[in-house]
Amino acid sequence: FFFYTQIGNVGLIGYSGAHTLEETLPYFEEACAWAHDTRDSIDLLLLLGHWDHPSLGSAPNMDVPSVYRLMVETLFGCSAYKDAFK
């Protein structure tokens, strides 16, 4: 599963780490483009996932810390939230 939404001034991006990065990357790109388009009303962007370590069950590179790094370091739209992305 994958979703993104906004509640008040908080943007939420949630995903399942059970899928591969190749399968999920287009959705991350879409969510980051959305975050860019709504940047005037989002003060905090939250990344919601399940696994916090690569060896605990997620697909390779799909644990939350790895996805966070990918998003803030390389994806247009999310990189602008580096200081407001949790």
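All values reported here derive from a predicted model rather than from experimental measurement. (Residues numbered from 1 in each chain as written. Predicted model: local features only at pLDDT ≥ 70, side-chain atom pairs only at ≥ 80, totals over all residues. Heavy atoms only, no water.)

Visitor: Help me understand unusual backbone geometry, please; the structure alone is not making it clear to me.
Guide: Only a minority of non-glycine residues have a phi that is not negative, and only a minority of peptide bonds are not trans. In this structure, Asn-61 is a non-glycine residue whose phi angle is positive, near 65 degrees. The residue Asn-61 is located in the loop between strand 3 (44–48) and helix 2 (64–74) in this model. (Helix = DSSP H or I, 4+ residues; strand = E, 2+ residues; numbered from the N terminus.)

Visitor: Where do I start with helix 1 (residues 21–37) in this structure?
Guide: For helix 1, which comprises 17 residues, the first-to-last C-alpha distance of 23 Å matches the rise-based estimate of 24 Å (1.5 Å per residue) to within 8%. For helix 1, the complete set of buried residues consists of Thr-24, Phe-28, Ala-31, Cys-32, Trp-34, Ala-35 and His-36. Elements that come into contact with the buried residues of helix 1 comprise strand 1 (2–7), strand 2 (10–15), strand 3 and helix 2. (Expected span 1.5 Å × (residues − 1). Buried < 20%, exposed > 50% of the residue type's maximum accessible area, 1.4 Å probe, protein only. Contact = heavy atoms within 4.5 Å.)

Visitor: Would you mind going over helix 2 with me for this structure?
Guide: Residues that lie three or four places apart on an α-helix share one face, since the helix turns once every 3.6 residues. Turning to helix 2, its buried residues number three or more, namely Val-64, Ser-66, Val-67, Met-71 and Val-72. Residues of helix 2 that are buried make contact with strand 2, helix 1 and strand 3.

Visitor: Is there a simple way to think about the sheet that holds strand 3 in this case?
Guide: Pairing between the strands of a sheet is mediated by backbone hydrogen bonds and can be parallel or antiparallel. With mixed pairing, the three strands of this open sheet are ordered in space as 1-2-3. Only two strands of the sheet have a single neighbouring strand rather than two, namely strand 1 and strand 3. Strand-to-strand, the axes of this sheet are offset by a mean angle of 15 degrees, without reference to chain direction. Summarising the sheet, strand 1 and strand 2 pair through six bridges and their orientation is antiparallel. Looking at strand 2, one finds that Tyr-4 is bridged to Ile-13. Where helix 1 meets the sheet, it contacts strand 1, strand 2 and strand 3, and its direction lies at approximately 15 degrees from that of strand 1. Across the sheet, helix 2 is in contact with strand 2 and strand 3; its angle to strand 3 comes to roughly 140 degrees. (Pairing = 2+ DSSP bridges. Axes fitted to C-alpha atoms, helices over the stretch in contact; angles between N-to-C directions.)

Visitor: Sorry, what's going on with the packing of aromatic side chains here?
Guide: Any two aromatic rings considered together are summarised by their centre-to-centre distance and by the angle between their planes. A full pass over the atoms with the stated rule returns five aromatic pairs. Here Phe-1 and Phe-3 contribute two aromatic rings whose centre-to-centre distance is 6.4 Å and whose plane-to-plane angle is 10 degrees, an arrangement assigned as stacked. Here the aromatic rings of Phe-2 and Phe-28 are separated by 5.2 Å at their centres, their planes lie at 75 degrees, and the arrangement is edge-to-face. Highlighted residues: Phe-2 in strand 1 and Phe-28 in helix 1, separated in sequence by 26 residues. Using a relative accessible area of 0% as the deciding quantity, one classes Phe-28 as buried. (Phe/Tyr/Trp six-rings, centres within 6.5 Å; stacked < 30°, edge-to-face > 60°.)

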